[in-house]
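A closer look at the structure
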Amino acid sequence: MFNIEEELKKLPDKPGVYIMKNESGEIIYVGKAISLKKRVRQYFQSSRNNTIKVNAMVKNISEFEYIIVDNEVEALILESNLIKKHKPKYNVLLRDDKQYPYIKVTTNEKYPRVIKTRNVLKDGAKYFGPYPSGYAVNDALEIIRNLYPIRTCNLKLNGEKVLDRPCLNYYIKRCLAPCQGNVDENIYLEMIDEILMFLNGREDKLVEMIVEKMNEASKNLDFENAAKYRDQINSLKLILEKQKIVSANNIIDQDIIGMARGVEDVCVQVFFVRAGKIMGREHFILSDVEHLDRSEILSSFIKQFYLGTAYVPKEIFVEEEFEDIAAVSKWLSEKRGTKVDIRVPKRGEKSQLMEMVRNNALNTLNQYGEDIKRKTKERESALGKLANIMELDKIPFRIEAFDISNIQGIEPVGSMVVFENGIPKKSDYRRFKIKTVIGPNDYASMAEIIKRRFERWPSCLPDLIMIDGGKGQVNIVERVLKDLGIDIAVCGLVKDDFHRTRGIIYRNNEINLEESEETFKLITRIQDEAHRFAISYHRSLRSKKIFKSVLDDINGVGEKRKKALLKTFGSVDGIKQASLEELIAVEGMNKVVAEEVYNFFRKDNTKCEE
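Structure report, in brief.

When helices and strands are tallied, the protein chain shows 19 helices and 20 strands. Considering the protein chain as a whole, with its 610 residues, one finds that 46% of them fall into the buried category. Across the protein chain, the fraction of contacts at a sequence separation of at least 24, relative to all contacts at a separation of at least 6, is 60%. Here the protein chain has roughly 33,700 Å² of accessible surface; of this, 48% comes from carbon and sulfur atoms.

See below:
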């Protein structure tokens, strides 16, 4: 047994991260400390100074672990990663940890491309963003490609002809076809320079340049090009009108973070300022933080938000200082590669901008707060009714739903989706490729995936298992759980003649539900998600099998050699007709593999003569 009093005495007076666990071994809180000895002991001393949330957490602590690090910055990084990985119950959780999209200009290539990416690499290319959504990036790319006929392919070009003929984009005048080797590199790079000017926020200067080109074309009676330049100018002016100028003199990238508190929820609003213009914004609703002060919420948000982003701006403005602001600033500076300032604006332009962000956060909270509360109550009501219908001991917080997908036994797969408090938890989704079952046997397939799931992750148990199947499927699952010594409620789904869910099967009893009921809608949503996840995996496996080449059956021929052979000879028939000498001459081939290929396509399979 873990003796908390004894373990508290062993705590070192060093920086590190502490991990609190409940009686089932589940991580319920992760924190960092300059001194583990002082910080962890505080939890188990007098509870008078603790918040209600902290006291509730301490009552659930059965054991704790700690990891010693060298300094506070390392502790901060480790804490953020552990929170993101385990999502402990008592930490402030940022549910939306998506990676924001960027526009990448591949200036490390001879003929650069302009593409969307979510990964910022040190590869010599230039990156612009982050943008608040993929739609914003797609709009910008569409404008660029309408204005400039640059390539979109990923061919490796060296200025020479690499394809026999150009693609469709060349014929519709959306690309100059540098793949043909007849494009002036200077002209192409001039277009890239103008695109970079546009992405750097210098549209005014770009408009002036294009106006000069239009006037010059008009003087030379080149009215076709003059009209093209006129259309470019109109498009750019439309973009300029959509962007709000924050500061004409400021070219430093900034994020402004404001907050608004409701009775139970907090809305954090982030404005992205790039080159003096507001490029977009994003809001986050945080729940179960009513007992935390603003600075603690702000600190937790910033650490989780920037852990999940590839780009860190030069300046970050916040509404107030927080305890570990110096450590966070140092961490973000290391991540960016240059100094990052986290500041509280006191007066002037930045203070006014912060007030605007806070007002937006308040409006968002008022706008979405009631809707969020309504949906939360609906989910809780649906789960409560489900517990009553099934006579469960408690409301099922974690539901795991399983489904099998196959077509006549081909590539059978299983899926597991997870809903916590009625919300999908996609980080816990799992896919299973059926290994031990031959042919279309859904019962045996379900037994296999249930056994694999609970043997792999025995410490994380759901409150309810939902099976996309009838009594037979439910009985199979209950039998597997009994063999594993696990006691969990299992329900199946009752289907009508059109294979639509109309109720559940529990303890061999059918329980019909009205379509208007919240519980029915919840069950249907879970079933649809499990089915969608299984079908998507099954389709991906079938696609791989369909596109399997006959070359995959030849010893020594992998992906690279297969591509090289097809590129050289154009098709499998071309490879069949090739001589041994031609096969040896293909990039990446050697004599042994060339003989394998040569002999594979000859019926007598005789060895090649020396």
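This is not the end of the story, as more comes after the structure.
On the surface, Leu168, Tyr170, Tyr171 and Ile172 cluster together into a nonpolar patch covering about 460 Å² of accessible area. On the basis of relative accessibility, which here comes to 47%, the residue Ile172 falls in the partly exposed class.

Counted according to the given criterion, the structure contains 12 aromatic pairs. Between Tyr29 and Tyr43, the aromatic rings sit 6.3 Å apart at their centres with planes inclined by 65 degrees, giving edge-to-face as the arrangement. Here the residue Tyr29 occupies a position in strand S2 (residues 27–33), and Tyr43 occupies one in helix H2 (residues 36–43), the gap between them amounting to 14 residues. Across the pair, exposure class does not vary: Tyr29 and Tyr43 are buried alike. Here the aromatic residues Phe284, Phe301, Phe305 and Tyr306 are joined through ring pairs into a cluster of three or more. In this structure, Arg430 packs its charged tip against the face of Trp457, placed 5.0 Å from the ring centre. Lying across the ring of Phe454, Arg453 places its NZ or CZ 4.3 Å from the centre.

Taken as a whole and judged by the stated rule, the model has 27 salt bridges. The shortest N-O distance in the salt bridge between Arg294 and Glu320 comes to 3.8 Å. Of the two residues, Arg294 sits in helix H10 (residues 294–307) while Glu320 sits in the loop between strand S11 (315–318) and helix H11 (325–336), which places them 26 residues apart along the sequence. Overall, the relative accessible area of 26% leaves Arg294 in the partly exposed class. Of the charged contacts in the structure, one is a salt bridge between Glu400 and Arg453, with a shortest N-O distance of 2.6 Å. You can see Glu400 sitting in strand S13 (residues 398–407) and its partner Arg453 sitting in helix H13 (residues 442–456), a full 53 residues away along the chain. With relative accessibility at 0%, the residue Glu400 sits in the buried group. Salt bridges sharing partners connect three or more residues here, namely Arg398, Glu400, Glu420, Lys425, Asp428 and Arg453.

Turning our attention to helix H16 (residues 559–569). Those residues of H16 lying buried are Lys562, Ala564, Leu565 and Phe569. Along the axis of H16, the buried residues cluster in a sector spanning 165 degrees; they form a single face. Residues of H16 that are exposed and angled more than 90 degrees away from the buried face: Lys560, Lys563 and Lys567. Contacts from the buried residues of H16 go to helix H17 (572–577), helix H18 (580–584) and helix H19 (591–600). Phi for Gly570, located one or two positions after H16, is positive at around 85 degrees.

Attention now moves to the environment of Leu484. Relative to the elements of secondary structure, Leu484 occurs in helix H14 (residues 471–484). Linking Leu484 and Lys451, residues 33 residues apart in sequence, is a C-alpha distance of 8.0 Å. Leaving out residues up to four positions away in the same chain, Leu484 has contacts with Lys451, Phe454 and Glu455.

If you walk across this open sheet you meet the 3 strands as S2-S1-S3, and the pairing is antiparallel. What marks the edges here is a single partner per strand, and that holds for S2 and strand S3 (63–68). In this sheet, adjacent strand axes meet at a mean angle of 20 degrees when their direction is disregarded. Strand direction decides the pairing type here: strand S1 (residues 16–21) and S3, joined by 6 bridges, are antiparallel. The residue of S3 that forms the bridge with Ile19 is Glu65. Of the strands in this sheet, S1, S2 and S3 touch helix H4 (residues 72–86), which is tilted by about 165 degrees from S2.

For the rest of this paragraph, the subject is the sheet that holds strand S6 (residues 126–128). Strands sit in the order S5-S4-S6 across an open sheet of 3 strands; the sheet is antiparallel. Each edge of the open sheet carries a strand with a single partner, namely strand S5 (114–117) and S6. Averaged over all pairs of adjacent strands, the angle between strand axes in this sheet comes to 30 degrees, irrespective of strand direction. The sheet strands contacting helix H7 (residues 185–199) are strand S4 (102–105), S5 and S6, and the helix crosses S4 at an angle near 155 degrees.

Each value, and the rule that gives it
Residues numbered from 1 in each chain as written. Predicted model: local features only at pLDDT ≥ 70, side-chain atom pairs only at ≥ 80, totals over all residues. Heavy atoms only, no water. Helix = DSSP H or I, 4+ residues; strand = E, 2+ residues; numbered from the N terminus. Buried < 20%, exposed > 50% of the residue type's maximum accessible area, 1.4 Å probe, protein only. Contact = heavy atoms within 4.5 Å. Areas by Shrake-Rupley, 256 points an atom, 1.4 Å probe, with all protein chains shown as cover. Patch = residues over 30% accessible without salt bridge, like charges linked within 9 Å, V, L, I, M, F, W, Y side chains within 5 Å. Salt bridge = Lys/Arg side-chain N within 4 Å of Asp/Glu carboxyl O. Phe/Tyr/Trp six-rings, centres within 6.5 Å; stacked < 30°, edge-to-face > 60°. Lys NZ or Arg CZ within 6 Å of the ring centre and 35° of its normal. Arc of directions from axis to C-beta. Pairing = 2+ DSSP bridges. Axes fitted to C-alpha atoms, helices over the stretch in contact; angles between N-to-C directions.

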